[in-house]
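Observations on chain architecture
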Amino acid sequence: MTRADVRTEIGAGRWTTAGKHTVVIGSGTLTAAARHWQAVWESGSGAVLDGAAALVASGLSGFTPTRIDVSLPRNNRRHAVPGVVRHLRSTMPPALAVGIPRVRPEWATIHAAQWAASDRQAALLLCLPVQQRLVLPERVLQAWHASSHGPRHELLEVLVRDVCDGAHSLGELDFAGMCRERGLPEPSRQEVRRLPSGRVYLDTGWDDFALVVEIDGGHHALALNPIDDALRQNDVVLSGDRVLRIPVLGLRLQPRAFMDQVVRAHQQAQTAAA
């Protein structure tokens, strides 16, 4: 196709323009993929999708961005595009060369969390790519350690570990401290139970009141873990215990709401045992 051919199609109304470098075949609404290509072509030389848009282009589901983030070299020419947020960089993050130009998923995950509209959305954008296996948790950790300080640094410092590094996430000792702050007695930790399904390890709770609290790290949502967790919880409940499940991110983002439930459960269990 020559430039003259393109002008002919546009002049005949069969194609329409969507910027200086983009034409739309027909007059239909742009698809999400088309808007991504337009953002890259129109923003400036060297532009690549970044943040949540890059994750969606890599296959992320369950989240619809309200804007398109692109990164491009600071010294390159750049142009404003409606609905597109540009991030000018002295050093460009690693990008994928296949398909639409976009930042690698581990870096896009970090940036998406930094640019999220709220802390809750930041946690969601950390969880989804890992849960959907778009990126390995260890790669996100590596990208986080290599990144410079940005928005929400203190919060993301703990959220990234909670989602990607179960060995160092918030655990029973942190929960015990929260219990002391609410005037609750010290809970037990890592109790071993023999149930019909076999030997299981329970995170924490109060044996004298038959109350169990399971604190779920990010790995609990991966693969077949939810099935194993459900079977274990059902066995514990059928043995006569009350069970509260608390996502570790819940204790980060809404500690008061979850600890209110723990206090209520402890009061109810104490009353039932009296």
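Structure shown above.
Not measured: the values here are computed from a predicted model.

Each value, and the rule that gives it
Residues numbered from 1 in each chain as written. Predicted model: local features only at pLDDT ≥ 70, side-chain atom pairs only at ≥ 80, totals over all residues. Heavy atoms only, no water. Helix = DSSP H or I, 4+ residues; strand = E, 2+ residues; numbered from the N terminus. Buried < 20%, exposed > 50% of the residue type's maximum accessible area, 1.4 Å probe, protein only. Salt bridge = Lys/Arg side-chain N within 4 Å of Asp/Glu carboxyl O. Axes fitted to C-alpha atoms, helices over the stretch in contact; angles between N-to-C directions. Parallel < 35°, antiparallel > 145°, perpendicular 65-115°, else oblique. Left-handed = near helix turned anticlockwise from the far one by under 90°. Contact = heavy atoms within 4.5 Å. Nonpolar A, V, L, I, M, F, W, Y, C, P; charged D, E, K, R; others polar.

Overview of unusual backbone geometry
- The backbone of Arg133 shows a phi angle near 60 degrees, a positive value even though the residue is not glycine.
- With respect to the element layout, Arg133 can be found in the loop between helix 5 (119-131) and helix 6 (137-146).
- By relative accessible area, Arg133 is classed as exposed at 59%.
- A positive phi angle, close to 55 degrees, is found at Ala210, a residue other than glycine.
- In this fold, Ala210 is placed in the loop between strand 9 (198-206) and strand 10 (211-216).

Regarding the pattern of salt bridges
- For the structure shown, the criterion picks out nine salt bridges.
- Measuring nitrogen to oxygen at the nearest pair gives 2.7 Å for the salt bridge that ties Arg14 to Glu9.
- One salt bridge connects Glu157 with Arg161, and the closest N-O pair in it is separated by 3.4 Å. Pair noted here: Glu157 and Arg161 are both in helix 7 (residues 153-164), with a separation of four residues, about one helical turn.
- Of the residues examined, Glu157 reaches a relative accessible area of 29% and is grouped as partly exposed.
- Residues participating in the shared-partner salt-bridge network are Arg104, Glu106 and Arg139.

Details of the packing of helix 5 against helix 7
- Two elements in contact, helix 5 and helix 7, have axes separated by 10 Å at closest approach and are oriented at 30 degrees. As the angle between them shows, helix 5 and helix 7 are arranged roughly parallel. As for the relative orientation of helix 5 and helix 7, their crossing is right-handed in sense. When helix 5 is examined against helix 7, the residues Asp119, Ala122, Ala123, Leu126, Cys127 and Val130 are found in contact with a partner set consisting of Leu155, Leu156, Leu159, Val160, Val163 and Cys164.
- Split by residue class, the contact of helix 5 with helix 7 holds eleven nonpolar, no polar and one charged.

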